[in-house]
Amino acid sequence: LYLTPFCCSGVGLALCRRLLEEDDRIHLCIACRNAQKSEDTRDLILTSYPTAQVSTVDVDLGNLASVLRVARELRCRFQRLDFVYLNAGIMPNPHVNFKALWHGLRTGRLLHMLTTAEGIMTQTDRLNGDGLQEVFATNLFGHFILVRQLESLLCSNEKPSRLIWTSSSNARESAFSLSDYQHAKGQESYSSSKYATDLTSVVLNRKFNQQGLYSSVVCPGLVMSNMTYGILPVFLWKLLMPIMWLIRFFAKTYTLTPYNGAEAHVWLFKQKPEYLDALVKYHSCTSGLGKNYVEPRKMDVDEETAEKFYQKLLELEKQTLEKYSDLLE
C-alpha cells in the first residue's frame, strides 16, 4: 500500500504519524521541497516508527519541471498509488485588515470572519518562473499536473485510488473568477486557489470514478503552523493563544494543533470512497473540551462552472507543457 502525503510539516507531518498509527504496514512516500527536509522528516518519523516503510521524493509544486521530474520518478518506482494527499500550499505576504475586524465586531459578524478569514485576509501574489501566478501554481496547478502525470498509477486498478485535497473554509466563490482564475487582478489569491481546488475535485470525480479514482476535499480548520505564524508576529500569537483556546468553545474549526487538523484526512483514509458525496467538504473539528470529530458540509460549487474551469486547466496544461517535451513520455 503506497501513500504519498505532500508537504511534510505541520498537518502533513502529523498526518504521516497518524496514518502509521492506523496501519504501520503502509508504505509512506513523503514529498518535500528539498532533499534535506525530506530526509529530516523521514528520520523524524522513523524515530517514532522504526519499522515503518518510509521513502522520499523532492518536489516543488510551484515549478512545473520539478513536478514532471517527480512524476517520472514515481512512475519508475511504484506500480500503483493508493492515496495521494495533495497538501502543499503557500500564502505569501499575508496582510490582516484590522479595520474590517473592527467592523465585524460592530456588526456581529466577527466570529464568522475569524473562522473563515472572509474580508480580513489579503495576499500579495507574484509570477513564478513558469509565468504563472505563484499561489495558483503551488496550491492547485502543480497538484493538477502531478495527478494528470500519475494517471497510470491511479486509474484502472483492482481497488480504488484516492486523491485527498487540503482545501480551506476560506475557499469562497466571491474570490474566484473564471475570467481571472489565476487571480492576477485580486488580493485574495489563497481563497481563490482553494475554491479552485474544490471545483477541480468535483470534476475529477465525474471524469474518473468509473476508472477507480476518487477525489475528496478536506479543511483542517485553523491550525497553528508555519503558514499561520507568517500572518502575525510570533509574540502577538503568544498573546492571542489563550483567547483562541476560548474561541474554540464557539468555533469548532479552531483545531489549533496539526494533530487535530489532520482528523478529516485520517477519517477519509478509513472510508469507502464509493459511499462519499463528491459535493461535500470534510472539516476537521475540535470541541471546546478537545474532542476531535469530522463534520461534512456541502460545498458552495456550481458544477457547470467546475466543468468550464476544468477545461481551462486542460488548455493551460497544453500551453505550459509544450516547452517541457523532454520531460514527458
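The structure under discussion appears in the preceding block.
Predicted model, so just to flag it, every value in this text is computed and none were measured.

K.L.:
Can you lay out a negative patch on the surface for me, pointing to particular residues and giving the numbers?
P.N.:
Together, Glu39, Asp40, Asp43 and Asp58 make up a region of like negative charge exposed at the surface. Among the elements that take part in the negative patch, helix α2 (residues 35-48) stands out by supplying three residues, more than any other. Secondary-structure assignment places aspartate 58 in strand β3 (residues 53-58). We classify aspartate 58 as partly exposed; its relative accessible area is 35%.

K.L.:
Requested: an account of the packing of aromatic side chains, with residues and values cited.
P.N.:
Evaluated as defined, the whole model comprises ten aromatic pairs. Relative to phenylalanine 144, the ring of phenylalanine 141 has its centre 6.2 Å away and its plane inclined at 20°; by these criteria the two rings are stacked. In this pair, phenylalanine 141 and phenylalanine 144 both sit in helix α6 (residues 134-149), three residues apart, roughly one turn of the helix. A relative accessible area of 0% places phenylalanine 141 in the buried class. Since its relative accessible area comes to 1%, phenylalanine 144 is described here as buried. Ring centres of phenylalanine 176 and phenylalanine 309 lie 5.3 Å apart, and the angle between their planes is 85°; this geometry places the pair in the edge-to-face category. Placement of phenylalanine 176 in the loop between β7 (161-166) and α8 (189-208) and of phenylalanine 309 in helix α13 (residues 303-321) is noted, with a sequence separation of 133 residues between them. Here phenylalanine 176 falls in the buried class, since its relative accessible area comes to 10%.

K.L.:
Quick rundown of the pairing of strand β9 (residues 280-286)? Include the residues and the values.
P.N.:
In terms of burial, β9 is largely enclosed, as seven of its seven residues are buried. Covered by surrounding structure in β9 are Val280, Tyr282, Ser284 and Thr286 together with Lys281, His283 and Cys285, the residues of both alternating faces. Bridge count for strand β8 (residues 213-219) against β9 is three bridges, and the pairing is parallel. Residue pairing in the sheet places cysteine 219 in a bridge with histidine 283 of β9. Sheet topology places β9 next to strand β10 (residues 292-298); seven bridges connect them, and they run antiparallel.

Conventions adopted
- Residues numbered from 1 in each chain as written.
- Predicted model: local features only at pLDDT ≥ 70, side-chain atom pairs only at ≥ 80, totals over all residues.
- Heavy atoms only, no water.
- Patch = residues over 30% accessible without salt bridge, like charges linked within 9 Å, V, L, I, M, F, W, Y side chains within 5 Å.
- Areas by Shrake-Rupley, 256 points an atom, 1.4 Å probe, with all protein chains shown as cover.
- Salt bridge = Lys/Arg side-chain N within 4 Å of Asp/Glu carboxyl O.
- Lys, Arg positive; Asp, Glu negative; His and termini not counted.
- Charge placed at Lys NZ, Arg CZ, Asp CG, Glu CD.
- Helix = DSSP H or I, 4+ residues; strand = E, 2+ residues; numbered from the N terminus.
- Buried < 20%, exposed > 50% of the residue type's maximum accessible area, 1.4 Å probe, protein only.
- Phe/Tyr/Trp six-rings, centres within 6.5 Å; stacked < 30°, edge-to-face > 60°.
- Pairing = 2+ DSSP bridges.

All quantities given are derived from atomic positions and should not be read as evidence of function.
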